[in-house]
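Chain residues, written in single-letter form:
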Amino acid sequence: MAKDKTTFVCCQCGNDSPKWLGKCPVCGEWNTYEEIVVAKTNSSQKLTGLSNYENQKSKPLLLNNIDSGEEIRINMGDGELNRVLGGGLVPGSLILIGGEPGIGKSTLVMQTVLKLKNYKTLYISGEESARQLKLRAERLGTEHANLYILCETNLEAVFSHINNLKPDLLIVDSIQTIYSERIESSSGSVSQIRESAAAFLKFAKATSIPTLLIGHINKEGSIAGPKVLEHIVDTVLQFEGDQHYMYRILRNIKNRFGSTFELGIYEMRQDGLREVSNPSELLLTQNHEGLSGMAIAAAIEGIRPFLIETQSLVSTAAYGTPQRSATGFDTRRMNMLLAVLEKRAGFKLVQKDVFLNIAGGLHINDPAIDLSVISAILSSSLDIPIEREVCMSGEVGLSGEIRPVNRIEQRIQEAEKLGFNKILIPRNNLKGSDKNNAQIQIIEVKKVEEAFRELFG
Ligand code: TYD
Ligand code: MG
């Protein structure tokens, strides 16, 4: 019997190598190479057999003759999901939805397919029993007459069911549970994931049936069997949030059919996920009149502006080494901001514990929230509340300068829309004419000291 051809793949970055390596030359990780079977050796597939290519269906087209007409998109019945996908689901696309266990991936997908009543859907579950899925569907409170559940993890068996059933939409929950008999390693290993994902890709492309894969994210925050899977699929969506909070963000990390800056926000409720079309409501529900340690940032995530609360608590350190902890914000960046505060505002934070939290359990990458982070810390340290009608936006540099941020007009508009009276923005960020048209009072600041004077007098 011909020996199977194998190769070695780095589980971290997906790099291929013909032999095993201790350290990956691409990503620098140790011990990440795993042997995988590429394909059964088949002499008829050898490149020398040129005659194989004579019956090819594909042929070169002149660029000028290609029709660039509107692509058909399937409306998912969910505004947030449609937007994140770049306007709906593209037929024949392979989509990966990644997220930590328990974050709500199965709920999101189940809720979505329940809305697509005209599509004969096959939901392959390798994690939950048919009964559990039924209970979830009941909890979500909608019916679907054409939704089939298949509890199966064997790839070959899955495909034989697909051939019999001929669904219009395929869901695989989760890709890590699927295994192929052709490969010896256990399910969830890189070789199994790669084999199964490649099979679903081939299926999606050959039949134009859109396929959604659900994938778990490991502790480091990457999708298990990470890059390997990301390379294969067309679109990668990441579902994130803090399990103890109700808000969830759906982020697009890779999209062959649209931009990757889109972002969807949901609220997890008893009866499923609710779209949050106005993200600033995350903030507006809270009343923090008279409380110190709160500052409101006009942030932009994806392409949407919203206002978000940064909360801080500064207290005297009980033990020798002060604690520094941030939720929803990079701790290293917070330490940098503390150093700026120490140097520029002369506050002795050495003997203080500092805790920082972004409201709603969201993780914000926008550097423009720096100014609100530093102001919230100072407000807590001084125990002086910041006025409720004030919000701010600005990146803070090492020397305490406040640097311009992108799309400042949108941030100001959002703050104005939500009834704020005053916004602190970086100097020279806004062109002169726009300033005079605004209802909201715009205060331009160049250094953190100026901002502090404005906020705390
Ligand atoms: P689930 O979709 O099973 O997560 P994943 O597939 O990502 O592992 O959702 C898990 C959590 O969501 C679980 O703790 C229960 C909660 N949940 C709700 O709060 N409301 C709901 O309507 C549903 C179906 C689940
Ligand atoms: Mg699940």
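So, here is what we can say about the structure in this document. (Residues numbered from 1 in each chain as written. Chains lettered and ligands numbered in written order. Predicted model: local features only at pLDDT ≥ 70, side-chain atom pairs only at ≥ 80, totals over all residues. Heavy atoms only, no water.)

Structural notes on the site of ligand 1
Around ligand 1, 16 residues are found, and the nearest of them are Gly102, Ser106, Thr107, Arg269 and Gly272. Within the contact set of ligand 1, an oxygen atom lies 2.7 Å away from a backbone nitrogen or oxygen of Gly102. At 3.3 Å, a side-chain N or O of Arg139 approaches a nitrogen atom of ligand 1. Computed on the free molecule, ligand 1 has an accessible area of 560 Å², of which 77% lies beneath the protein chains in the complex. When residues of the shell around ligand 1 are traced back to their parent elements, those giving at least two are helix 2 (105-115), helix 3 (130-140) and strand 11 (263-269). Split into classes, the residues belonging to the shell around ligand 1 amount to four nonpolar, six polar and six charged. (Near = heavy atom within 4 Å. Polar contact = N/O pair within 3.5 Å; in protein donor to acceptor, adjacent residues only side chain to side chain. Areas by Shrake-Rupley, 256 points an atom, 1.4 Å probe, with all protein chains shown as cover. Helix = DSSP H or I, 4+ residues; strand = E, 2+ residues; numbered from the N terminus. Nonpolar A, V, L, I, M, F, W, Y, C, P; charged D, E, K, R; others polar.)

Concerning the sheet that holds strand 9 (residues 235-241)
Pairing between the strands of a sheet is mediated by backbone hydrogen bonds and can be parallel or antiparallel. Strand order in the open sheet made by the nine strands is 6-5-7-8-4-9-10-11-12, with mixed pairing throughout. Both outer strands of the open sheet, strand 6 (147-150) and strand 12 (272-275), are each paired with one neighbouring strand and no more. This sheet shows a mean twist of 25 degrees between the axes of neighbouring strands, independent of strand direction. Sheet topology note: the strand 4 (residues 94-99)/strand 9 ladder contains five bridges and is parallel. If you follow Ile97 over to strand 9, its bridge partner there is Leu237. (Pairing = 2+ DSSP bridges. Axes fitted to C-alpha atoms, helices over the stretch in contact; angles between N-to-C directions.)

Brief notes about the pattern of salt bridges
Inspection of the entire model under this criterion finds 16 salt bridges. Arg182 is the partner of Glu195 in a salt bridge, and the nearest nitrogen-oxygen pair spans 2.8 Å. Taken together, the residues span a long stretch of sequence, with Glu195 in helix 5 (residues 190-207) and Arg182 in the loop between strand 7 (169-173) and helix 5 at a distance of 13 residues. By relative accessible area, Arg182 is classed as partly exposed at 39%. Between Glu450 and Arg427 there is a salt bridge, and its shortest N-O distance comes to 2.9 Å. Of this pair, Glu450 sits in helix 12 (residues 448-456) while Arg427 sits in the loop between strand 20 (422-426) and helix 11 (432-437), and the two are 23 residues apart along the sequence. You can call Glu450 partly exposed: its relative accessible area is 21%. Salt bridges sharing partners connect three or more residues here, namely Lys205, Asp234 and Arg256. (Salt bridge = Lys/Arg side-chain N within 4 Å of Asp/Glu carboxyl O. Buried < 20%, exposed > 50% of the residue type's maximum accessible area, 1.4 Å probe, protein only.)

Section: the pairing of strand 13 (residues 294-301)
For a regular strand, side-chain orientation follows a simple rule: the groups alternate between the two sheet faces. Here strand 13 lies mainly inside the structure; eight of its eight residues are buried. The two faces of strand 13 match: Met294, Ile296, Ala298 and Ile300 on one face and Ala295, Ala297, Ala299 and Glu301 on the other face are all buried. Counted between consecutive antiparallel strands, the loop separating strand 13 from strand 14 (residues 304-316) contains two residues, among which Gly302 sits at a positive phi close to 65 degrees.

Quick notes on unusual backbone geometry
Ser174 follows Asp173 through a cis peptide bond whose omega is -5 degrees. Of note in the backbone geometry, Asn31 takes a positive phi value of approximately 55 degrees without being a glycine. Checked against the element boundaries, Asn31 lands in the loop between strand 2 (16-17) and strand 3 (33-39). In this model, Asp383 sits at a positive phi of 60 degrees, which is unusual for a non-glycine residue. With respect to the secondary-structure elements, Asp383 resides in the loop between helix 9 (370-382) and strand 17 (390-392). Accessibility expressed as a relative area gives 57% for Asp383, which makes it exposed.

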